[in-house]
Structure formats: structure tokens, C-alpha cells
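Here's the letter readout for the chains.
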Amino acid sequence: MAKVEQRRGVSDETLREFFREMLLIRRFEEKVEERFRAGELPGFLHVGIGQEAIAVGVCRALADGDVIASTHRAHGHTLAKGTHPNELMAELYGKLEGCSHGYGGSMHLYDVERGNLGANAVVGGGLPAIVGAALAFKFRGEPRVAVAFFGDGATNIGTFHESLNLAQLWQVPAVFVCENNHWAESTPAKQHMPIEDLTRRAEAFGMKSLKVDGQDVEEVHRVAARALKHARDGKGPVFLLCETQRLVGHYIGDPQVYRDKEELNRLQETADPLELLREKLGLSDADYEALDQEVQELVDASVEFAKAGTDPKPEDALKNVYA
Amino acid sequence: MPELSYREAVRDALSRAMRADEDVFIMGEDIAEMGGSMGVTQGMLDEFGPERVRNTPISEMAIVGSGIGAAMQGMRPVVEVMYEDFLTISMEQIVNQAAKHRYMSGGQLKVPLTIRTQGGAGWSPGAQHAQQVEAWFVGVPGLKVVFASTPSDVRGLLWSAIYDDNPVVFFEHRTLYGLKEEVAEEIEPIPIGQARVHREGEDVTVVATGRLVHEALAAAEEAEQEGVSVEVVDPRTLQPLDEDAIVASVKKTNRCVVAHEAVTRMGFGAEVAAVVQQQAFDWLDAPVERVGAKFTPLPFAPVMEEYVVPHAKDVLEAIRKTVQRDGTS
Amino acid sequence: MANEVKLPRLGQGMESGTIVKWLKSEGDQVEKGEPLYELDTDKVTQEVEAEASGVLLKITVAEGEADVGTTIAVIGEQGEDLSAIVGATAQPVAEAAQEEGSPGAAREQERERGRDATTAEQMPETRTPSQGNGAGARIKASPLARRIARERGIELGSLKGTGPEGRVVAEDVERAAAGAPAPAAPAPAIPGEIERVPLTSVRRTIARRLTEAWQAPAFQIAMSADMTRAQHLHARLAEQAKEGEPRPTVTDILTKACAAALMRHRAVNALWAEDAIELHPSANVGIAVAIEAGLVVPVIHQAERLTIAELAAARADIVTRARDNKLRQEDLDGGTFTISNLGMFGVEQFVAVLNPPQAAILAVGAIEPKAVPIETGLEARPLMTMTLTCDHRSLDGATAADFLRTVKAFLEEPGLML
């Protein structure tokens, strides 16, 4: 096992933890895909295979009390923000034990206690609330940061521009994490953006922007920590651009007719954040197998937990409409 | 007892809440130095400063959306959307976000946000500054909808809206801002979901909202001259609706007219009529009559605007229809 | 294979008919074309022939009113299973037909049932579709009025509604409950003296059509014709009549005179068509015939082409069949002019009500000897008074007078029309 140098800012041990978490997300997503195809999971599901390093890198840089808003591709963010796989899987099965108690589903994962203000199925829908949360932190002088995850597709919608403008105008402690996977569902970036470098959009509002290789969890973590410190120190919001790859379809079952198969194969071989990290860590097969078995057991257990969960009564639908 | 205009009553409720509670703040377009496009927030910047009386860019999505975010963190923001017509821009945030966060989170979140807005015809702004859209929001589970028609009501209801743990869309009427009324020294909070009987009567119940409450009261005076005794009920809160008060009144009078400035088709009155027929069918002695705007966008030319929106004479005509005795129709 | 016998549409506008009686019983063998049952439509009672041969397996509507298209019987082979047909369609119709056939009785039952909510709300609706007239139509009343009436046992149908469109409102019921005279409460019945005669569809049609006719702006003109020569002609024709053939009557001569006159005055051989006046090429002359059920007007088509002897034969045929309830729909359709003769009852003269959409109807009285001034003084002549009722929408006085003068001339000089 090769020694990893400390200059990176995190210890070997921490990096192994990151790997374990990313592997957990990967195995979880694979399991979700398997159970969905088996017909056990209702609804509309989007998995984040290929984008695990951003979820783990950013969330591991957060402090207690920081909050996030996620997207329709939310399983990774939710696990990384600390929700137990059991609660997440139970939600996907529509059980009361789920993190949204069966009211949300895959695209509406909440865990308020752990600072997850909700995944949003409307592209860009969660950004304004992150500005508001950050405004509340500023009002109260609390050293907390609000973080919005969103994709490159969301940078074309009005809420993105209104939110960045307002956040910068009011200098609120927010970080806007753009997961640039170059696809807005099936539409490639060249068809939905007239520019290549998305940091220019943030710069238009005078906002500090940072750019990082989103497949390198160590880098994501390092740069996210910088962004969070900037915001927390009252220096204003930050736009954090993470270049990444979606190594699967938009949704489970997406035949990806719009995508070049060879290019996808090439990316799966060269841009898999887990493979890159495994190599960097120089994990032995035995170590890898041991970790894999550990997370696989967690994932399997989550399915058992979810299936044994409590179905809501139909009339439970009438609860929680009003406070 | 101080006399307050409707405008001052709104300001009074906002100011008292902000004095009492640091979690309350207001934001919106032109609300600071200018004091709001309707002058509602005049002087508040001086008292509370620019942090709590926040001028915003022209960004309805972000105004409402950041209000949602702050509310989810436990603050009680009151955001102002300058005209009801502009609610359309923030519709996604109101309908998909504010109304649903509590539900989608399985009860983990609360969104104590008040969205103040105003509209209404009578001053010829044309089609994009006067539409009445309150009914759109009544059909969205998770939202509460208030439409106050007098200074005392607007003050007491706004207070309750601010302290409600749900998002409240709070409608004010443009032409009522100058309306004056003696009000109590202290704010008397009015529970959300409680109707007000403005005038008791025996023969016909008019369920009216907003400006039409005053038109209905004028029509009731005229009807009185004709020997018809009219009861005027203002629901004040459209969601939740005080069905009991409306049904009780109709059971007494056996006739019902619904009246609002918004278009009749799919207007709030349609819901009231449905409630009445369902709960008071055997008490009805005439079909429920509806009074509302004609089905057009609001025209500019004053004569056309006057023609499109309903007035006291339209309410009176509807009242006469319900008590008609001459066999013609 | 079972054939459903469905109530046929026998004329334009026919929506329903009343089955008077079956001429065959269940189990009887019937042949295609054989009379099967008697049907009373709003115009006529007629025998309807079987459209298929076989055994009359089932009569599903024994008597009473049924809508056009209703299955009223089934013809097939002995022993066939009819459950699919009979169970699915016939029963409910039969029930409804019974109820609808006697609205008076239905109301009676309604009263006895004490007007519970179900009765009050549902009964009128079950009657509405085929009835469409006052007797069984839904009573318009506000929900409140219905409830008060129900609670106080007041018959809504006995009240006159004073609300919009005659709707019974609460006040009307309360007035009745308080014992105040209701505007249209029926007079107290004297027990045992009033017999209520249910309307046949013929009677109902007469009532409706004549009421309609009353709305047309009508005027009358009258003339008397000296029937001396017509009577001579009549006597001669009667002598010539062959054994077994109907003897011509004065009416036949009159029909001939009218048909010939109509051909000369086409404006009178006219129908009012709301947006136009139809002038018809043939004189289709209706003859009003009194029958037990009321009045029918069978038509002699193209009367202008027939000789008096042929007219006599045609007249005899339709009058006989009218009295035997054996008129066919086509006997009743297409009339352009009507003659109503009450001379045989000793009526001297009378005014007939229009038979819309026809432009005119001729009312004919008895031939009576009257003193007529001649050069040498007075002479008794057989005079007959004819009164022509005209629809002023189609016809004006001068035109009508011209026509009537021609009829008079033809009668006085029969040679002119022959």
C-alpha cells in the first residue's frame, strides 16, 4: 500500500473514509437500479453514478449547522449529508421510516435534522430558498453556510440568475455548487449553453467563483472548504464549478440514444471517480474487497429495513398539508 | 379609538410585528425609500433600517424564494409582490416550493411566509396591473389565502398571517387603501378562517370579497328600499373557508348571491356556490346567483373597464333575481 | 333466431305509441304480414303487421305507451332462450310504460305514499322523457319549497308557482300550508260525480293541434249555394251506381267541387311553412270523420283526378276504416285542404277551426229549403251554407272569396267542373 502524502490536506485515513462513502453511494445506486428494474420501487428515479466525488467532497467539507438543497439526482447528496442508507432506502420504498416519511420520494428527499432542506424536482427550484436561508444566518449572525447543488442545465433558468444576483447583492453566506455533467437530461451542453466556462455566469454578478475537477474527491473537498470559509467569513457567496461526468443515463431505464456509446465507454474507463481514487490510494484488492463487502452489507441491510418498513395508511395522505 | 386607513392599517400591523419580533422583516420592490408603490411601507425604513426593510431587485422568483428559505430557518418574512399580476412570475416558488415543502418533507418543515400583494381595477391601469387572481391560489393545498376588505380586518388578519406557520397569500385591494375606519388601540388578531357578517338580513345572503364587500353593502341599502333584507358576509379568508358561517346565513335567508371582482368563470364564488348547494340544498329557494367580472382581460379605456368589472348595481340585480316574484326571468 | 318486435316509427315526428291490444297471444304461430297488434299513435289507431314469421314467444309490453324502438315482443322458435333480450330491455320499459300510461293513477299513488323524498324527487323524472306535456311533467320547485312541502304533507302539484318560470317557491307552499287560497288550487271535488277520462293519444293530439290552430290569425267567409242542380246530379249518379259500389253522396260532389276549385285557386291549396307558403300541385282533400275516440281527418289524395264515383269509393273506404280504427299513417298524411260536413246532424252552419298548416277548411251545413227571391216572387230552393275558415298568414279575404265563389258556381252548375 502506497503512502499518500499529507500535503493534500487530508490524511490517508480520511481519504479512505471518502472512498468508503463514495463506494457506499455507488453500491446504493446500483442496488436502487436493480430494485427498480425488479419492479419494487415506484416513481421516477435518477442515480448519480459518476458524480459521487462531488457529493462526498462538498458534504465532508461542511460544518455542523450548514444546510444544503439538492436536486432530482439526490441520493448521493443525501447519503453524504449523513442520512442513513436505511432511511433513504425506506423513502424510496414509500415507507413511514423514510427520510421524508413516504411523502417525498426519490426527488424530494429531506432530512432537516441533518441540514438537508430538500431535494427539488424543479430544476433550479431550490436556489432561491438557499439565498433566504443564508439571509437568515446573516440576520442572526450565525456562522452557517447554505449550499445549493444544481447542474449545468439549471444555469439557464431564471431562478439561478435571480438567486446569484440577490446573494451577491446581499453578500449572504451561500455556496452554489454547480455539478457540470454537460447534460441537461438528454440535451448536451453545446445545445443549451452559448458559453463553455460556466464561471463566467457567476462572474457576471461579480461573484467569486472557483473551478475544480469534480472526479477528484480530494480536490473537491479542498476547494469546497475554501469556498465555505469565504462564505462563512462574511466575504460573500461563492460559485463552485465542479466538472464531472454522468456515467449513466438521465433516469433509470434511459436508453441514452442521444449519447455516443464509445465516448461513454471511454468515460467509464477513464473518468470513474472511484477508480481514480482507488488508484490514488493504492488500495489492495483485499482492502477493496473488504470495504466493498462492508458497504454492500449496509446496502443489502437497507433493502431489508425498507421492505420491513411501515406502509403509510392511505389517509395519512391528508396529514402534513398545513402546520 | 384611532381612525386608520386601510393602508395605515397594513403598515400598523407590519410595524407592530417588527417591533415585537426580530424574526419579522419585510422585503420587496420599492418598499424602502419609496415606501412601496402603494405607499404602504412609508416611514418604515426610517424606523427599522435597510436590513429589515429590504429593497429587492425586480426578481419575483427570488423575492418569494428567499422568503421561503428564511421562513424555513424560522424567520417570519413578509414579502411584497407589487401587483397580483406579478404573482405569475413567482408562481413556481409559491405553488411548488412554499406550498409543498412541509408536505414533501413529511412534516419536517414549516414555511411561515406571508406574501402580500394587491390588485384590482377602478383606475385604468390596463390588463397587466389590475387582475384579481385570488381564486388561483385557493386550489393549491398548503397555501392559505386571505382577502381583507376593511382597515380593521386587514390589520387583524395580517397579524395572524405573519404568525401563521404556513405560507399565506395575502390580497389587498388597490382601491381600498384610502378607506378609513375607527380601529381599536391594540391590534385584535382575527383568526384565519373566520368570516365576518357585515350586515344582517332576512331575505338574501350576499357572500362578497374585497371591493365587492362594499359594493354589496351599497346594494343591500338599495334593496332595503325595495323591501328586501340583505345579509352581507365577507369570508375574509378564502382558504381555509368559514363554510359554517356561510351555510348558516343561507339557511336563514334561503337565497345566496356570490360576488367578487375577479371573473365569474372559475371564480371563488363558484366554490362558495358549490358549498352552499351541497350543504344547504334543502334551504335554497332560488338558484345561487354569481356576480363577477366579464370574461375579458381588463381593458384600458375607463368606460370599458367600468363595464367589465362588477359594481353595486350588478349585485342589486342579482339580489332581485333571487327574490323575483313576477314569473319572468 | 329470435326476432325482437320493436315499436315502429310510423310517421314523421312519432316518438311513441300506445299499444291498444294484441291480436295474437303468446304461443301463437304468426306469419309475416299478419296483423299482430293494434297501435294508437298520436294520429291514428292501426293494426301493425308482423315483420317475421314464427311463434310469438313473448309479449313484453302488453298495453300502454312505449317509445319508438322499444322491444315490445319477441317472435322466434318454440323453446328459445329469451333471457338476454327480455331481461335486458323489456322489463324496465314495460314498467315505465305502465306508469306513464296513466299519469292520473301515478299521482294518486304518489299522494298515498305520503310524498317521501324519493318519490318527490324521482317520480317526475321517470315520466319526463316520453311524456313532455303537463300531465306528467316535472314540477318546478325550489329545494326549500320541496322540503317544506314534504315536511307538511303538501302536494306540490296542487300549487301554482309564483317564482321565475312558474317555479314553486317556499312562499307558495307556506301560503298553502297556512290555508290561504292558493292561486290555482283545484275546486273541491263533489264525490262520485266527476269522471276523469284519461286522454287517449288521439284526444291529446286533437287538443294540441287545435290549440295550436287557435293561435293562427283566422278569418271566416260564408256563402250559400243553391244545391238544386247538385241534388239532381246526386240523384242521377246514385241511380247509376252499380250494385255493391258505394253510392255517391252530396259530400262527394262537394269534394269534387272543392278539388276542382282548388286547382283553379292554387293559393288556397296551400300549407303554411313558417318561412314560406307551400302551394301544392294536387288537391289532397281531408274529410273530417267523427269516430268514437274523437275526430280524424283521413285524406283523399289527388282528388282532382278522381271522378265522383271514384271519390265516393275512396271516401267510403277511409270513413269505414276510420270508424274501425284501421287507418294507416299514409291515410292521414299530406292533406292540403279539409272539408268538415255537419249537415247530416242538422247543423245549418258553423265555423270550423283551422287544420294547420292547411290554409283553409270548409265547414258545410245542412241543405235546407229557403225562400229565394226570383223574378216572380219568392221560391223555396235547397240552400247549403258553406263557411270557409282561412289562415290569414297564407291567405287573404279576396282570394278566399274567389275560391268560395268558384265552389258555389260548381255546385250550382255542376257541368262546369266536369
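Rules and cut-offs
Residues numbered from 1 in each chain as written. Chains lettered and ligands numbered in written order. Predicted model: local features only at pLDDT ≥ 70, side-chain atom pairs only at ≥ 80, totals over all residues. Heavy atoms only, no water. Helix = DSSP H or I, 4+ residues; strand = E, 2+ residues; numbered from the N terminus. Buried < 20%, exposed > 50% of the residue type's maximum accessible area, 1.4 Å probe, protein only. Contact = heavy atoms within 4.5 Å. Areas by Shrake-Rupley, 256 points an atom, 1.4 Å probe, with all protein chains shown as cover. Buried area = accessible area lost by both parts, 1.4 Å probe. Salt bridge = Lys/Arg side-chain N within 4 Å of Asp/Glu carboxyl O. Pairing = 2+ DSSP bridges. Axes fitted to C-alpha atoms, helices over the stretch in contact; angles between N-to-C directions. Patch = residues over 30% accessible without salt bridge, like charges linked within 9 Å, V, L, I, M, F, W, Y side chains within 5 Å. Polar contact = N/O pair within 3.5 Å; in protein donor to acceptor, adjacent residues only side chain to side chain. Nonpolar A, V, L, I, M, F, W, Y, C, P; charged D, E, K, R; others polar. pLDDT = per-residue confidence, 0-100. Core = buried A, V, L, I, M, F, W, Y, C linked by side-chain atoms within 4.5 Å. Domains from an automatic or database assignment. Phe/Tyr/Trp six-rings, centres within 6.5 Å; stacked < 30°, edge-to-face > 60°. Expected span 1.5 Å × (residues − 1). Parallel < 35°, antiparallel > 145°, perpendicular 65-115°, else oblique. Left-handed = near helix turned anticlockwise from the far one by under 90°.

Novice: I tried to follow the overall build of chain A on my own but got confused; where do I start?
Specialist: Along its length, chain A carries twelve helices and eight strands. Within chain A, the fraction of its 323 residues that count as buried is 59%. The contacts in chain A between residues at least 6 apart in sequence include a share of 75% that link residues at least 24 apart. Here chain A displays about 12,800 Å² of accessible surface, and carbon together with sulfur accounts for 50% of that area.

Novice: Looking at this model, I keep getting lost on the interface of chain A and chain B. Mind explaining?
Specialist: By a widespread convention, an interface's size corresponds to the accessible area lost as its parts come together. At the interface, 39 residues of chain A touch 44 residues of chain B. Here chain A meets chain B over a buried area of about 3,400 Å², counting both sides, of which 61% is carbon and sulfur. Interface area lost by chain A to chain B is led by A:F139, A:E162 and A:Y322, which between them contribute 20%. Linking chain A with chain B are one salt bridge.

Novice: Mind showing me how you'd approach the sheet that holds strand β5 (residues 45-49) of chain C here?
Specialist: The strands that make up a sheet are held in pairs by hydrogen bonds between backbone atoms, and each pair lies either parallel or antiparallel. All names here are of chain C. Overall, antiparallel pairing links the four strands, which are arranged β5-β4-β2-β7 in an open sheet. Two strands lie at the open edges of the sheet, namely β5 and β7 (64-67), each paired on one side alone. The average undirected angle you get between the axes of adjacent strands in this sheet is 40°. Of the strand pairs in this sheet, strand β2 (residues 16-22) and β7 are connected by four bridges, and their pairing is antiparallel. Looking across to β7, one finds that I19 is bridged to G64.

Novice: What exactly am I supposed to notice about the sheet that holds strand β1 (residues 3-6) of chain C here?
Specialist: In space, the four strands of this open sheet follow the order β1-β8-β6-β3 (chain C), with antiparallel pairing throughout. Either end of the sheet is taken by a strand with one partner, and the two such strands are β1 and β3 (29-30) of chain C.

Novice: Just checking my understanding: could you explain a nonpolar patch on the surface for this structure?
Specialist: All names here are of chain C. A cluster of nonpolar side chains, namely L210, W214 and V353, defines an oily patch on the protein surface of about 320 Å² accessible area. Mapped onto the elements, V353 comes out in the loop between β16 (337-341) and β17 (360-374). Here V353 falls in the partly exposed class, since its relative accessible area comes to 32%.

Novice: Even after reading the chapter, I still don't get the side chain of C:R147, so can you show me in this structure?
Specialist: Relative to the assigned elements, C:R147 resides in helix α4 (residues 143-152). Sequence-distant contacts of C:R147, defined by excluding residues within four places in its chain, comprise B:D282 and B:W283.

Novice: Explain the interface of chain B and chain C here, please?
Specialist: If you look at the interface, chain B gives 14 residues, while chain C gives 14 residues. Each partner contributes to the roughly 1,100 Å² buried at the junction of chain B and chain C, and carbon and sulfur atoms together form 48% of this total. Note that B:D282 and C:R150 form a salt bridge whose closest N and O atoms lie 3.6 Å from each other. Scanning the region where chain B abuts chain C turns up five residue pairs in polar contact (both at pLDDT 80 or more). Of the residues in the side of chain B that touches chain C, the class split is five nonpolar, five polar and four charged.

Novice: Quick question: what am I supposed to make of the side chain of C:N355 here?
Specialist: Residue and element names in this part refer to chain C. As for its position among the elements, N355 is in the loop between β16 and β17. With a relative accessible area of 16%, N355 lands in the buried category. Polar side-chain contacts of N355 include one of 3.2 Å to the side chain of T338. The residues contacting N355, other than those within four sequence positions of it, are R209, V297 and T338.

Novice: Looking at this structure, I do not really get the confidence of the model for chain A. What am I missing?
Specialist: The predicted structure's coordinates, where accompanied by low pLDDT, should not be read in detail. Per-residue confidence for chain A gives a mean pLDDT of 95; residues scoring 70 or more make up 98%. Note that pLDDT drops below 50 for residues 1-7 of chain A; the model gives that stretch 15 contacts with residues more than four away or on any other chain.

Novice: Can you walk me through the pattern of salt bridges in this structure?
Specialist: A side chain with one charge may pair with a side chain of the opposite charge, provided their charged atoms come close. Residue and element names in this part refer to chain A. Scanning the entire structure with this criterion turns up 68 salt bridges over all chains. Of the charged contacts, one joins K280 and E218 as a salt bridge, the two residues approaching to 2.9 Å between their closest N and O atoms. Taken together, the residues K280 in helix α11 (residues 273-281) and E218 in helix α9 (residues 217-232) connect sequence positions 62 residues apart. Connected through shared salt-bridge partners, K31, E34, R35, E40, D300 and K307 make up one network.

Novice: Would you mind showing me how to read the environment of C:L262 here?
Specialist: All names here are of chain C. You can see L262 is positioned in helix α8 (residues 250-264). When its relative accessible area of 0% is taken as the criterion, L262 is described as buried. Residues L262 and F337 lie 75 residues apart in sequence; the distance between their C-alpha atoms is 8.7 Å. Not counting residues within four places of it along the chain, the set of residues in contact with L262 comprises V268, N269, A283, V285, F337 and F403.

Novice: Looking at this model, I keep getting lost on the nonpolar core. Mind explaining?
Specialist: The nonpolar side chains of a soluble globular protein tend to be buried with one another. A:F150, A:F176, A:F239, B:V53, B:L87, B:F137 and B:V276 are the most contacted members of the largest nonpolar core, which has 119 residues in total. A per-element tally of this core places helix α5 (residues 127-140) of chain A first, with nine residues. Composition of this core by domain shows at least three residues from each of domain 1 (3-182) and domain 2 (196-322) of chain B. If we ignore the near neighbours within four places in the chain, the residues touching B:V53 are B:M18, B:I26, B:I31, B:A32, B:M44, B:L45 and B:F48. If you look at the next biggest cluster of nonpolar residues, it comprises 66 residues, including A:L45, A:V145, A:A227 and A:Y288.

Novice: Looking at this model, I keep getting lost on the packing of aromatic side chains. Mind explaining?
Specialist: Pairs of aromatic rings are described using the distance from one ring centre to the other and the angle between the two planes. Residues and elements named next belong to chain A. Under the criterion given, the structure shown has 16 aromatic pairs over all chains. Relative to F239, the ring of F150 has its centre 6.3 Å away and its plane inclined at 35°; by these criteria the two rings are tilted. In this pair, F150 is assigned in strand β3 (residues 146-151) and F239 in strand β8 (residues 238-243), connecting sequence segments 89 residues apart. Neither residue differs from the other here; F150 and F239 are each classed as buried. Taken together, F150, F160 and F239 form an aromatic cluster joined through their ring pairs.

Novice: Is there a simple way to explain α5(A) in this structure?
Specialist: Every α-helix carries 3.6 residues per turn, so stepping three or four residues along brings you back to the same face. All names here are of chain A. Compared with an ideal rise of 1.5 Å per residue, which puts 14 residues at 20 Å, α5 spans 20 Å between its outermost C-alpha atoms and is within 8% of the ideal. Counting buried positions along α5 yields eleven of 14 residues, so the element is predominantly enclosed. Those residues of α5 that sit buried are L127, P128, A129, I130, V131, G132, A133, A134, L135, A136 and F137. Immediately beyond the C-terminal end of α5, within one or two residues, lies G141, with a positive phi of roughly 65°.

Novice: Explanation requested: unusual backbone geometry in the structure shown.
Specialist: Excluding glycine, a negative phi dihedral is what most residues carry, and trans is how most peptide bonds are arranged. Going from B:Q239 to B:P240, the amide bond is cis rather than trans, its omega being -5°. Relative to the elements of secondary structure, B:P240 occurs in the loop between β12 (237-239) and α9 (243-253). Omega for the peptide link from C:P356 to C:P357 comes to 0°, which places this bond in the cis form. The topology assignment puts C:P357 in the loop between β16 and β17. In this structure, B:D30 takes a positive phi of about 65° despite not being glycine. Of note, B:D30 is situated in the loop between β2 (24-28) and α2 (44-52). Looking at B:D30, the relative accessible area reads 33%, which means it is partly exposed. With a phi close to 70°, B:N254 is a non-glycine residue in the positive phi region. Relative to the assigned elements, B:N254 resides in the loop between α9 and β13 (256-263). Among the residues examined, B:N254 registers a relative accessible area of 16% and is labelled buried.

Novice: Which parts of the structure should I look at to understand the confidence of the model for chain C?
Specialist: Residue and element names in this part refer to chain C. Confidence in the prediction of chain C, expressed as mean pLDDT, is 80, and 82% of residues score 70 or more. Predicted confidence for residues 89-135 stays below pLDDT 50, and this span has 56 contacts to residues more than four positions away or in other chains. The model gives residues 182-190 a pLDDT under 50, and that stretch makes seven contacts with residues more than four places away or in other chains. Two numbers describe this predicted complex: its pTM, 0.66, and its ipTM, 0.93.

Novice: Whenever I open this one, the packing of α8(C) against helix α11 (residues 397-412) of chain C confuses me. Can you help?
Specialist: A pair of packed helices can be characterised by two numbers: the angle between their axes and the separation between those axes. All names here are of chain C. At their nearest, the axes of α8 and α11 sit 9 Å apart, and the two run at 135° to each other. With respect to their mutual orientation, α8 and α11 come out oblique. By crossing handedness, the relation of α8 to α11 is classed as right-handed. Contacts between α8 and α11 involve I253, L254, A257, C258, A260, A261, L262 and R264 on the former and, on the latter, F403, T406, V407, F410 and L411. When grouped by side-chain class, the residues that make up the contact of α8 with α11 number eleven nonpolar, one polar and one charged.

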